[in-house]
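# Observations on the model geometry
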Amino acid sequence: MLELLKKIAIYLIPILGIIYGYHFMTGKSIATLPGEIVGKLQQKNTATESTNPHYYRDTAKDMPKD
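Values in this document were obtained by computation on a predicted structure and should not be read as measured data. (Residues numbered from 1 in each chain as written. Predicted model: local features only at pLDDT ≥ 70, side-chain atom pairs only at ≥ 80, totals over all residues. Heavy atoms only, no water.)

Secondary structure assignment for the protein yields 3 helices and 0 strands. Mapped from its N terminus to its C terminus, the protein presents α and β elements in the order α-α-α. Counting over 66 residues, the protein shows a buried share of 2%. As displayed, the protein has an accessible area near 6900 Å², and 65% of this comes from carbon and sulfur atoms. (Helix = DSSP H or I, 4+ residues; strand = E, 2+ residues; numbered from the N terminus. Buried < 20%, exposed > 50% of the residue type's maximum accessible area, 1.4 Å probe, protein only. Areas by Shrake-Rupley, 256 points an atom, 1.4 Å probe, with all protein chains shown as cover.)

Here it is in structure tokens:
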């Protein structure tokens, strides 16, 4: 019985330490972490510029000639 309690404690103490540490450092519950990760992964950053080449038309050629 004592060996079983030792095994449980070996796994339980680090897990609870991680949970408490996350809560202590961020002030948020660890249960909100998966939603935050998914939100950041699905967020489209519109500030990035396309790497495709931009081809601009010459507007002087489009003007009608008199």
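Here the narrative resumes, following the displayed structure.
Along an α-helix, a turn takes 3.6 residues, which lines up residues three or four apart on a common side. Helix length check: helix α1 (residues 2-26), at 25 residues, gives a terminal C-alpha distance of 36 Å against a target of 36 Å (1.5 Å per residue), a fit within 8%. Of the residues trailing α1, Gly27 is marked for its positive phi of about 80 degrees. (Expected span 1.5 Å × (residues − 1).)

Moving on, we come to the packing of aromatic side chains. Evaluation of the coordinates by the stated rule reveals 1 aromatic pair. Centroid distance Tyr20 to Phe24: 6.0 Å. Interplanar angle 20 degrees. Geometry classified as stacked. Of the two residues, Tyr20 and Phe24 both sit in helix α1, 4 residues apart, roughly one turn of that helix. By relative accessible area, which is 59% here, Phe24 ends up exposed. (Phe/Tyr/Trp six-rings, centres within 6.5 Å; stacked < 30°, edge-to-face > 60°.)

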